[in-house]
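Structure at a glance
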Amino acid sequence: MLLLMLAISVAVFIMICVVFPVFLAPLVPLLGLYYFLQLFYRASTRELKRIESITRSPLLAHFTETLNGLATIRAYRVEARFARDNRRLMDATNRSYYLIFAVQRWLGTNASTLTNVLTFLVSLVIISYRATTDPGIAGLIMSYLLQVIAMLNLTIRYASELEVNMNAVERLQYYAEELEQEAPAVIEKTRPDKQWPATGSIEIDQLHLAYRKGLPDVLHGISASIRGGEKIGIVGRTGAGKSSIMVALFRLVEASKGSIAIDGVDIASIGLADLRSRMSIIPQDPTLFHGTVRSNLDPFGHHDDHALWDALERAGMKEYVAGLPAGLDAEITEGGENLSAGQRQLVCLARAMLVNARIIVMDEATASVDMRTDALLQKAIREDFAGCTILTIAHRLNTVIDYDRIMVLDAGEIREFDSPRRLLENTDGIFHSMVAETGPANAAYLASLVR
Ligand SMILES: Nc1ncnc2c1ncn2[C@@H]1O[C@H](COP(=O)(O)OP(=O)(O)OP(=O)(O)O)[C@@H](O)[C@H]1O
C-alpha cells in the first residue's frame, strides 16, 4: 500500500515537473544529497543491527542459564554476581540498540532539513513564476512535494530494515541448502527385510570415529564380535569412548573408517530410519516430549491400546498411568517435567519394550534412579529383554557384573573384552583395578556376583 502510494505520488510529481521543468532545478542536487544520506544510513544500520544480534545472544544465554540454575545460584549466594553480569550484558546490547535509534533520528533530522530546504526552494521558484503559474498547479506541486519527501523517508527506513531482515532469510537458506545433511532415512535399494535383525549379532571391524572432520579420532580402530542375545557391559573411565560406541551404532556421527555389521548387514549401507527403528535406546537422561503418555510411548501410532498398557505394565508404570484421570491421554509437559526422573526412565523403558527390538542400548540407564526403579529396570532387562542383545554403558559395575561379557575401553581402544570372571582373575587388568577401587566390601560383593 505504502509503495503504491509512493509510486502514485512520484508519478504525479514527475508529470507536473515534466510539464513545468523549471521546478526540477532545485530537486536534482537535493535528491543527490538524499541518495548520499541513505547510503550512510543503510550502512550504519546494517552494522549496528549485526552488533545488536551478536550481543543479544550472550544476554539470552545468560538469562536462560540463570533461570535454570536459580537454585544453585541462591544456594551459593552469588545472586549479586549474576545480576551484575546480566546488567553488563544488557548494557552491551542496549548500546547498539540505542545507537540504532540515534541513527534513525539522524536520518529523520537530516531528511527533514533537506525537505525544508527543498520546499523553500520550490516555493521560491513558484513565487518567482507566479505570473505564469496557475495557483491550482502551484498548490498541487507543494502538496505532492511534501508527500513524496515523507514517502522517501519511509522508503529508506523500510528498505534498510528489509535488507537487515534478509539476514534471517540468508540464514534459513544456509540451513536448507548448505548445512551438511544426514544420510537418507530410507535407501530403497538396500532396505533390510522386516525381520532384520533376527539374531542381533554385532560385528565391529576396525572402527574409527571422529566427531568432526579435523578433530582427532576418539575411537581408534576397535574391533569386536558380539553374538546375538549376548549381554555386554561397556565400562571405562570418563572419556574412554563408551558413549561414542553408541554414537557410531546409531550413526549419530558417521564412522571415519571401519564398519559395523548387524546380522551381516553393514549399517552404513542402509537408511537411517531403517537402522534406528530396529534398535532401542534407554538413555541416561530420558527424553520425553510435550504431548500425552500415548504419544510419548508410540509417537507414530503403530500400536493399539492393549500393547501400550502391556508395555506400561511390564515397565511397572501401569498403576501410575491408570490412576491418572486421562489415562493414556494424560498430558506430559515439555521434557516430561511433570514426571519424576525415575518415572521418565520407566516410560522410556516401556517405549523400548513396545518396539520389540533385538538390540537394546542402555546408556547408564540406572545412574539416576532410586532402588525400586533400578530393581524394576534390572528385572525387565533380565526377563523382557532375555533374548535381546544388550549393550549397557555403565559406571556402576554392579549393573553389569553378571553380564555375559565386559568390554573395557580406555582412550578409544578396547583393552579388555571377556567374561567378568576371567577379567576379575586377571589381577593386572583394568577391570580388576576398577573393581578394587569400589572398596574391599563392594569388591567382595561384586566377586560373589560373577558367573
Ligand atoms: N560431541 C563431541 N564432540 C567432540 N568430541 C567429543 C564429543 N563427545 C565426546 N567427545 C570426545 O570423545 C571422547 C570420548 O567421549 P565419550 O563420551 O565417548 O566418553 P565416555 O567414555 O562415554 O565418557 P563418560 O563416561 O564421561 O560419559 C572424549 O575425549 C570426548 O572429549
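Structure's up top.
Residues numbered from 1 in each chain as written. Predicted model: local features only at pLDDT ≥ 70, side-chain atom pairs only at ≥ 80, totals over all residues.

1. Some points on the overall build of the protein chain
- Secondary structure assignment for the protein chain yields 16 helices and twelve strands.
- Taking all 451 residues of the protein chain together, the buried fraction comes to 27%.
- For the protein chain, the share of sequence-separated contacts (at least 6 apart) that also reach a separation of at least 24 residues comes to 74%. (Helix = DSSP H or I, 4+ residues; strand = E, 2+ residues; numbered from the N terminus. Buried ≥ 20, exposed ≤ 12 C-beta atoms within 10 Å, placed from the backbone. Contact = placed C-beta atoms within 7 Å.)

2. Side note on the nonpolar core
- If you look at the biggest cluster of nonpolar residues, it comprises 70 residues, and the most contacted ones within it are Ile234, Leu349, Ala350 and Ile360.
- Here this core takes eight residues from helix H11 (residues 341-355), the largest share from any one element.
- Dropping the residues within four chain positions of it, Leu349 is found in contact with Ile282, Ala315, Leu377 and Ala380.
- Within the second largest apolar cluster, 14 residues are counted, among which are Leu118, Leu145, Val148 and Ile149. (Core = buried A, V, L, I, M, F, W, Y, C linked by C-beta atoms within 7 Å.)

3. Quick word on the environment of Asn167
- Here Asn167 shows up in helix H5 (residues 135-178).
- Once the C-alpha coordinates of Asn167 and Arg50 are considered, the two residues, 117 residues apart in sequence, prove to be 9.2 Å apart.

4. Some words on the pairing of strand E1 (residues 202-209)
- Two strands pair when backbone bridges link them, and E1 and strand E2 (residues 219-226) are joined in this way by six bridges, in the antiparallel orientation. Looking at E2, one finds that Leu207 is bridged to Ile222. (Pairing = 2+ DSSP bridges.)

5. What about the sheet that holds E2?
- The four strands lie next to each other as E2-E1-E4-E5, forming an open sheet whose pairing is antiparallel. The sheet terminates laterally at E2 and strand E5 (265-266), the two strands that pair on one side only.
- With two bridges connecting them, strand E4 (residues 257-262) and E5 associate as antiparallel partners. Considered in E5, the bridge of Ala261 is made with Asp266.
- Lying on the sheet, helix H6 (residues 242-249) is in contact with E1, E2 and E4; it crosses E1 at an angle near 110°. (Axes fitted to C-alpha atoms, helices over the stretch in contact; angles between N-to-C directions.)

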